[in-house]
Amino acid sequence: MSFTAPIQLPGLALDPQWYKRAVFYEVMVRSFLDSNADGSGDLTGLVSKLDYLQWLGIDALWLPPFFQSPLRDGGYDVSDYTSILAEFGTVDEFRDLVTKAHERNMRVIIDLPINHTSDAHEWFQQSRSDPEGPYGDFYMWSDSDEKYPNVRIIFTDYEDSNWAFDPVRRQFYFHRFFSHQPDLNYENPAVVEAIFDIIRFWLDLGVDGFRLDAIPYLFVSEEGTGEGEPPTHEFLKKVRAMVDRDYPGRVMIAEANQWPNEVAAFMGTDEEPECHMAFDFPAMPRIFYSLRSQQAGELVRVLSEHTHVPEGAGWGVFLRNHDELTLEMVTEEYRQAMYGWYAYDPRMRVNVGIRRRLSPLLDNSRAELELAHALLFSLQGSPFLYYGDEIGMGDNIWLPDRDASRTPMQWTPDRNAGFSSADPGKLYLPVVQSLVYNYHHVNVESQLAQSRSLLHWIRNVIHVRKVHPAFGLGQLRVLPTNHDSVLAFVREYPGSGNQFGDAPETVLCVFSFAHNPAAVRIEAPEFAGQSLRDLFGGGDFPSFDAEGGIELTMGTQGFYWLHVGEGQFAGGRAS
Ligand code: GLC
Ligand code: CA
């Protein structure tokens, strides 16, 4: 396969707010391509697929942890933060990845799980065996398992307490996740210092930023819930100040599975910023809710809440990632409805969520996949794709826990889906062979060969998004409609204000969740008489009438992205 005519966004390389216009792609090193036939994906394999990612229009990679680890939690159980797991590669190979990505104007974001380590980490081994030694206070030890009563359990399917007894030290240690992941003791300045050293180590190697895993949980107090407590924010402010001072242009992305205001708090304030970005956990489940309830109301509600974020901060929008589709940010009633629609087999559930991939969740419906992606690429924030979702990959619910949706990338119809030439039994996880998602037909090669494939469709949407700055930089304002199934909003960008930058732009985005065609009237008096043009083909639409109303006919689960008014207009397809 060869990939030509990459989509280039001029100026991204110099833009300090590059992350606001970037399209991100989450890819586990283990899952993408095995270059040496040992059954596990590796850094060299990933490098060999950078051309593909560039062709797709990806601006930044997010790599889940690839550090030394016993891999009992997909690498989120780190046993040494400055070495790379041998089966993934070496630090030199990582440096090569960064160089080759940068040559393609693509950034590399790495995942840092700093709330906890693996119990195999040397720090923990020393801490348990030598309480008086230099690592004695690196973890949260206690004689009782009753401290911090307000802290909830996250892995509800696997753990019934946040405390575990260590037979060596004969004390309990605190853990937010699996009991093999002891939490670090952030009250100990030596821990804070050690973490700063790790952050600098990777920044010095050239990474463009971090996804800060499980970031609300660093500090815990007796009265608090251990989520976003004030000292955690103080810590983040210090990291940010260091990044801004010594590594400008690098970004911090918060993984905080919380309500909008609490998530926004991880971006800090204008005076004291924290993370540059935070994942939009509240919006995500509401997209799935709207698709099946045929009601736009819940999305309208969360999108109308004006959560203030500091200048320069941005959201990360996603449909799926390497974890379960979490249902923590919805009410019990909605959660039950979503389990009924999306996890009718109990095997599909894990913790408070659903362990399935995007395409199976949407029953492989092309209309729903397009609608969901149209939202992903036009909501306020930067889109994060999960590897394989661009070809509608399936999952394997017979695998344990979240491995269900971490199977090898499907490149070709050949052995092991072109992921590896190893004996199939040697793969870290089997490739998907189910009836509907079998790699024989769901793979990159076959979708490249079909001009109307999901892969080509997604690439084209990415291209259209990129040539319209309103998507990355504009504000979002919900517009009233007369149809419960229709969501309408405008993305409004005032322009960069100088002759070299982007012109002002307004885009009207309309989505119908109805499972049948629908006619809708949208009211926007401020646009009275303005014309509308389709962003994809450039076709003229009826103009807003004298009162600022517009009637649109929506196909089943259809959507429009429409340019509002005259002025600069860049439409067209990816070449
Ligand atoms: C985050 C990760 C998840 C991991 C957990 C514990 O939530 O996304 O995969 O299991 O942290 O590190
Ligand atoms: Ca390998």
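The coordinates are above.
How each quantity is defined
Starting afresh in each chain, residues are numbered from 1 along the sequence in its written order. Whichever chain is written first is A, and whichever ligand is written first is 1; the rest continue in order. Owing to the predicted nature of the model, reporting of local features is limited to residues with pLDDT of at least 70; listing and counting of side-chain atom pairs is limited to 80 or more, with chain, interface and lining totals taken over all residues. Heavy atoms from the whole structure form the basis of all side-chain values; hydrogens and water molecules are not counted. Every helix listed is a DSSP run of H or I at least four residues long, and every strand listed is a run of E at least two residues long, numbered separately from the N terminus. For every residue, the accessible area (1.4 Å probe, protein chains only) is compared with the maximum for its type, and the residue is labelled buried under 20%, exposed over 50%, or partly exposed between those bounds. Each accessible area value is a Shrake-Rupley result obtained with a 1.4 Å probe; residue values ignore everything except the protein chains displayed when judging cover. Charged residues are defined narrowly, with Lys and Arg counted positive, Asp and Glu counted negative, and His plus the chain ends left uncounted. By convention, the charge on Lys lies at NZ, on Arg at CZ, on Asp at CG and on Glu at CD. Joining through side-chain atoms within 4.5 Å is the link that ties buried Ala, Val, Leu, Ile, Met, Phe, Trp, Tyr and Cys residues into a set, and such a set is a nonpolar core. It only takes one pair of heavy atoms within 4.5 Å for two residues to be counted as in contact. Throughout this document, a residue counts as near a molecule or strand when at least one of its heavy atoms sits within 4 Å of that molecule or strand. Any pair of nitrogen or oxygen atoms within 3.5 Å is treated as a polar contact; in protein, a donor-acceptor pairing is required on top of that, and neighbouring residues in sequence qualify only through side-chain atoms on both sides. Using a 1 Å grid laid over the protein atoms alone, points where a 1.4 Å probe fits but cannot get out form a cavity; open sets with protein on both sides within 12 Å along at least 5 of 7 lines form a pocket; any residue with an atom within 4 Å of a point counts as lining. Each molecule is checked against the cavity or pocket grid, and it sits inside if more than half of its atoms lie within 2 Å of the grid points. Under the scheme applied, nonpolar residues are Ala, Val, Leu, Ile, Met, Phe, Trp, Tyr, Cys and Pro; charged residues are Asp, Glu, Lys and Arg; polar residues are all the others, including Gly. Side-chain rings of Phe, Tyr and Trp, where Trp is taken by its six-membered ring, are said to pair if the distance between their centres is within 6.5 Å; with planes under 30 degrees apart they count as stacked, over 60 as edge-to-face, and otherwise as tilted. Water is not part of the atom set, so a site may look incomplete; the donors themselves are N, O and S atoms within 2.8 Å of the metal, or 3.2 Å for Na, K and Ca. Grid points are joined across faces, edges and corners, and a volume is the space filled by probe spheres set on the points. Simply put, an axis is a line fit to the C-alpha atoms, just over the touching stretch for a helix, and the angle between two N-to-C directions goes from 0 to 180 degrees. Working rule for handedness: look at the near helix, and if it is turned counterclockwise from the far one by less than a right angle, call the crossing left-handed; if clockwise, right-handed. The criterion for strand pairing is that DSSP finds at least two bridges linking the strands in question.

Draft legend 1. Structural view of the overall build of the chain. From N to C terminus, the chain includes 17 helices and 24 strands. In terms of overall dimensions, the chain has a C-alpha envelope of 80 × 55 × 50 Å along the principal axes. For the chain, the residues scored as buried account for 63% of the 575 residues in total. As displayed, the chain has an accessible area near 21,300 Å², and 49% of this comes from carbon and sulfur atoms. One finds the centroid of the 46 positive side-chain charges in the chain at a distance of 4 Å from the centroid of its 81 negative side-chain charges.

Draft legend 2. Examining the nonpolar core more closely. Tyr-25, Tyr-52, Phe-94, Trp-202, Phe-235, Phe-511 and Trp-561 are the most contacted members of the largest nonpolar core, which has 165 residues in total. Counting residues per element, this core draws most heavily on helix H7 (residues 189-204), at 9 residues. Apart from residues lying up to four places away in sequence, Trp-202 is in contact with Phe-66, Phe-67, Tyr-81, Thr-82, Ile-84, Phe-94, Ile-110, Val-207 and Phe-210. Grouped together as the second largest cluster of nonpolar side chains are 17 residues, Ala-488, Leu-508, Val-520 and Phe-527 included.

Draft legend 3. Highlighting the site of ligand 1. In the neighbourhood of ligand 1, 13 residues make up the surrounding shell, with Asp-73, His-116, Asp-213, His-322 and Asp-323 lying closest. Within the contact set of ligand 1, an oxygen atom lies 3.0 Å away from a side-chain nitrogen or oxygen of Arg-402. Considered on its own, ligand 1 offers 300 Å² of accessible surface; in the complex 96% of this is hidden by protein. One can see that ligand 1 is located within the largest cavity. When the residues that make up the shell around ligand 1 are grouped by side-chain class, the tally is 3 nonpolar, 3 polar and 7 charged.

Draft legend 4. Looking closely at the packing of aromatic side chains. Under the counting rule described, the total for this entry stands at 53 aromatic pairs. Consider the rings of Trp-141 and Tyr-173, whose centres lie 5.7 Å apart with planes at 75°: the pair is edge-to-face. Separated by 32 residues along the polypeptide, Trp-141 in strand E6 (residues 141-142) and Tyr-173 in strand E8 (residues 171-174) bring together distant segments of the chain. Taken together, a centroid distance of 5.3 Å and an interplanar angle of 75° make the contact between Tyr-186 and Phe-235 edge-to-face.

Draft legend 5. Examining the coordination of the calcium ion (ligand 2) more closely. Within the protein, the atoms that donate to the calcium ion (ligand 2) are Asp-34 (OD), Asn-36 (OD1), Asp-38 (OD), Ser-40 (O) and Asp-42 (OD), at distances of 2.2 to 2.4 Å. Residue Asn-36 is classed as partly exposed on the basis of its relative accessible area of 47%.

Draft legend 6. Local environment of the environment of Ala-417. One can find Ala-417 in the loop between strand E16 (382-386) and helix H15 (444-448). For Ala-417, a relative accessible area of 0% corresponds to the buried category. If we ignore the near neighbours within four places in the chain, the residues touching Ala-417 are Met-409, Gln-410, Trp-411, Thr-412, Val-431 and Tyr-439.

Draft legend 7. Geometry of empty space enclosed by the protein. Scanning the entire structure with this criterion turns up 5 cavities of 30 Å³ or more. Lining of the largest cavity is provided by 20 residues; of these, Ile-154, Phe-155, Phe-177, Glu-255 and Asp-323 occupy positions nearest its centre. Here the lining of the largest cavity is built from residues that sort into 7 nonpolar, 6 polar and 7 charged.

Draft legend 8. Here's a closer look at the packing of H7 against helix H8 (residues 230-246). Taken N-terminus to C-terminus, the directions of H7 and H8 make an angle of 35°; their axes are 12 Å apart at the nearest point. Where H7 crosses over H8, the handedness of that crossing is right-handed. Listed contacts from H8 to Val-192, Ile-195, Phe-196, Ile-199, Arg-200 and Leu-203 of H7 are Phe-235, Lys-238, Val-239, Met-242, Val-243, Arg-245 and Asp-246. Classifying every residue of the contact of H7 with H8 by side-chain character gives 9 nonpolar, no polar and 4 charged.

Draft legend 9. Here's a closer look at the sheet that holds strand E10 (residues 251-254). The strand order around the closed barrel built from 8 strands is E1-E2-E5-E9-E10-E11-E12-E16, with neighbouring strands paired in parallel fashion. Ignoring which end each strand starts from, the neighbouring axes of this sheet average 25° apart. In the sheet, strand E12 (residues 314-318) pairs with E16 via 3 bridges, with the strands oriented parallel. Looking at the pairing, Phe-318 lines up with Phe-384 of E16.

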